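Now for the letters of each chain:
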Amino acid sequence: MEEIKHSFSTESVTHTMQCSGNGRAYFEPQVGGNQWSFGAVGNTVWTGTPVSAILEQYGGNTSEGNFLSVMGGDAPEGEDIFCRSIPMQKVLDDTLLAYEMNGAPMSAEHGFPVRLLVPGWYGNNNVKWVNRMHVMDKMVIGDEWEDGDQRLYTHWQQYSYRVIPEEDDGAEQYEDIPVYDTREQMNRTDEIRNAYMYDQMAKSLIGYPGAGQTVTPNPAGQIEVLGVAWAGDDRVDTVEVSTDGGDTFGEAEFFGPAAGPNSWRQFRYVWDASPGEYTLVSRATDEQGRSQPSTISAPEEQLRGIENDKFPWNKGGYANTAYMPHAVDCTVEEG
Ligand SMILES: Nc1nc2c(c(=O)[nH]1)N[C@H]1C(S)=C(S)[C@@H](COP(=O)(O)O)O[C@H]1N2
Ligand SMILES: [Mo]
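It should be emphasised that the depicted structure is a prediction, and the values quoted were computed from it without experimental measurement. (Residues numbered from 1 in each chain as written. Chains lettered and ligands numbered in written order. Predicted model: local features only at pLDDT ≥ 70, side-chain atom pairs only at ≥ 80, totals over all residues. Heavy atoms only, no water.)

## Some words on the overall build of the protein
As a reminder, the rule being used: Strands are runs of DSSP state E lasting at least 2 residues, helices are runs of H or I lasting at least 4, and numbering of each runs from the N terminus. With C-alpha atoms as the basis for the radius of gyration, the globule rule is written as 2.2 Å multiplied by the number of residues raised to the power 0.38. Burial here depends on accessible area, computed with a 1.4 Å probe over protein chains only, as a share of the maximum for the residue type. Under 20% is buried, over 50% is exposed, and the range in between is partly exposed. Contacts are residue-level and defined by heavy atoms, with any inter-residue pair within 4.5 Å sufficient. Using a 1.4 Å probe, accessible areas were evaluated by the Shrake-Rupley method; residue-level cover was limited to the displayed protein chains. Here Asp and Glu are counted as negative and Lys and Arg as positive; His is not counted, and neither are the chain ends. One atom stands in for each charge, and that atom is NZ of Lys, CZ of Arg, CG of Asp or CD of Glu.
Helices and strands together make up the secondary structure of the protein, namely five helices and 19 strands. In summary, the protein has a C-alpha radius of gyration of 21 Å against a globular reference of 20 Å for 335 residues, a match within 12%. Taking the principal axes of its C-alpha atoms as reference, the protein extends roughly 65 × 50 × 35 Å. For the protein, the residues scored as buried account for 51% of the 335 residues in total. Considering only intrachain contacts with a sequence separation of at least 6, the fraction spanning at least 24 residues in the protein is 67%. Accessible area of the protein: about 14600 Å², with a carbon and sulfur share of 44%. Averaging the coordinates of the 22 positive side-chain charges in the protein and doing the same for the 52 negative ones gives two points 2 Å apart.

Dropping the structure here:
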């Protein structure tokens, strides 16, 4: 830790850490795992050492096509090791070995003494309690990384955190894939049958009004709808808000700090609100023009990507960005 902290440069990044299972509770029929609704996400400043500097110092082969497989030290003897294979280009770009969170030493829960911090990518890539890193020419895969029937190093890379439709028994294993952007993976199903959870996709959440809340307009007859939006390692470009359950949308504006490309943005939408019952939704679009879909598909549709404004129902309940399930019902009373 002395060497990591003092022999290399120190850098900070603001990163929206979202579990890939956030929004799983809205899948119908229900899937296994923690029934996260919308709270498995936070926005934090992480500080540490660029992994690129360490690889350079130790002569790691950083050519394209390589992966850095990073292992957590939390597995009890004999259990699957939490290991993630991160594409080398992302590692070199901005990945840190982080030992501080919001300017304080990393807590045990968040990965003390050191964790991988992959800006903009789903929580599952951000390996905590790191104790080994291997430079490899492919992801962890096959016999070499398994122990008989036990998926010792491969479980959390190859079997879990994959988009698996109803008709597949499990995920197809790959040594490498042609694109890492999760949404693009989901659209290139001829080459990638089951997308890996890497970078995050455009998503937004309304924080005010809260679900079931009764709110009063200000003296001007307005309510400020407030929320957050992010898009992984793409920038979030626009957020639109609907106060009629998704029939019509108006553009929201960003406010507050723009803490870099991997940080969420706060948004507000000024709503001329009259008394009544309302369903509010928000829809984010990333800098490539890719918006949140409206609903989650049925399992029978066997979707693997976002199609026809639907997010694919999948066995692991991953990456739900559909905005209708995240709608907020509220009541406006007389001002
Ligand atoms: N070693 C290790 N790292 C891990 C995990 C784990 O189980 N073991 N869980 C991952 C998952 S799924 C998520 S969402 C994030 C959560 O990070 P946090 O606890 O700091 O919020 O850690 C990731 N890193
Ligand atoms: Mo997670």
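## Some points on the UniProt feature "domain: Moybdenum cofactor oxidoreductase dimerisation" (unreviewed entry) in the protein
Put simply, the test is: UniProt positions are given in the numbering used here, feature names are shortened, and annotations may be inferred rather than shown by experiment.
Here the UniProt-annotated "domain: Moybdenum cofactor oxidoreductase dimerisation" (unreviewed entry) positions come out as residues 197-295. Along residues 197-295, the helical share is 0% and the strand share 49%, with 20 Å between the first and last C-alpha atoms.

## Focus: the sheet that holds strand 10 (residues 214-215)
In plain terms, the rule: Two strands form a pair only when DSSP identifies at least two bridges running between them.
Read across the open sheet, the five strands follow the order 10-19-16-12-13; overall the sheet is mixed. Each edge of the open sheet carries a strand with a single partner, namely strand 10 and strand 13 (250-251). Sheet topology note: the strand 16 (residues 276-286)/strand 19 (residues 328-332) ladder contains five bridges and is antiparallel. Following the sheet pairing, tyrosine 278 is matched in strand 19 by cysteine 330.

## Brief notes about the UniProt feature "domain: Oxidoreductase molybdopterin-binding" (unreviewed entry) in the protein
On the UniProt side, "domain: Oxidoreductase molybdopterin-binding" (unreviewed entry) is annotated at positions that read residues 1-138 here. Helix and strand shares over residues 1-138 are 14% and 34% respectively, and the end C-alpha atoms of the span are 28 Å apart.

## Digging into the site of ligand 1
As a reminder, the rule being used: Here, proximity means that at least one heavy atom of the residue falls within 4 Å of the molecule or strand. Pairing of N or O atoms within 3.5 Å defines a polar contact, subject to two protein rules: one partner must be a possible hydrogen donor and the other a possible acceptor, and residues neighboring in sequence count only if both atoms are side-chain atoms.
As a structural note, the neighbourhood of ligand 1 is formed by 14 residues, with Asp74, His110, Arg115, Asn126 and Lys128 the closest of them. Here aspartate 74 contributes a side-chain N or O atom positioned 2.9 Å from a nitrogen atom of ligand 1. Histidine 110 has a polar side-chain atom sitting 2.6 Å from an oxygen atom of ligand 1. Protein coverage of the free-state accessible area of ligand 1, which is 530 Å², stands at 79%.

## Overview of the layout of surface pockets
Basically, it comes down to this: Here the term cavity refers to a set of points on a 1 Å grid, laid over the protein atoms alone, in which a 1.4 Å probe fits but cannot get out; the term pocket refers to an open set having protein on both sides within 12 Å along at least five of seven lines, with lining residues being those that place an atom within 4 Å of a point. Grid points are joined across faces, edges and corners, and a volume is the space filled by probe spheres set on the points.
Within this model, the largest pocket holds a volume of roughly 670 Å³. Residue lining of the largest pocket: 31 residues in total, with Cys19, Gly123, Asn124, Lys128 and Tyr161 positioned closest to the centre. At the level of secondary structure, the elements contributing two or more residues to the lining of the largest pocket comprise strand 1 (11-18) and strand 2 (41-50). Considering each element in turn, the lining of the largest pocket owes the most residues, four residues, to strand 2.

## Examining the domain arrangement of the protein
What counts, and what does not: Segment limits for the domains were obtained from an automatic or database-derived domain assignment. The quantity reported as buried area is the accessible area (1.4 Å probe) lost by two parts once they are put together, taken as the sum for both. Salt bridges are defined by distance alone: a side-chain nitrogen of Lys or Arg within 4 Å of a carboxyl oxygen of Asp or Glu.
Split by domain assignment, the protein resolves into domain 1 (2-187) and domain 2 (203-332). For domain 1 and domain 2, the distance between their C-alpha centres works out to 27 Å. Domain 1 puts 42 residues into the contact, and the matching count from domain 2 is 33 residues. Counting each side, the surface lost to burial between domain 1 and domain 2 is near 3300 Å², with a carbon and sulfur contribution of 52%. Considering only the surface of domain 1 that becomes buried against domain 2, Phe27, Glu166 and Arg183 emerge as the three largest contributors, covering 20% of it. Counting the contacts that link domain 1 with domain 2 gives four salt bridges. Its salt-bridge partner being arginine 304, residue aspartate 168 comes within 2.8 Å of it at the nearest N-O pair. The tally of links between domain 1 and domain 2 comes to 23 residue pairs in polar contact (both at pLDDT 80 or more).

## Re the pattern of salt bridges
Two side chains that carry opposite charge are able to pair once their charged atoms sit near each other. Inspection of the entire model under this criterion finds 13 salt bridges. Where salt bridges share partners, they join Asp181, Asp234, Asp286 and Arg290 into one cluster.

## Quick word on unusual backbone geometry
In this model, glutamate 28 is joined to proline 29 through a cis peptide bond whose omega is -5°. Relative to the elements of secondary structure, proline 29 occurs in the loop between strand 1 and strand 2. Following phenylalanine 112, the chain continues into proline 113 via a peptide bond in cis, with omega recorded as 5°. Within the secondary structure, proline 113 is located in the loop between strand 6 (104-105) and strand 7 (115-117). The backbone phi angle of asparagine 102 is positive, close to 50°, even though this residue is not glycine. One can find asparagine 102 in the loop between strand 5 (96-101) and strand 6. Not every positive phi belongs to a glycine, and asparagine 308 is a case in point at roughly 50°. Topologically, asparagine 308 is positioned in the loop between strand 17 (295-296) and strand 18 (310-311). When its relative accessible area of 67% is taken as the criterion, asparagine 308 is described as exposed.

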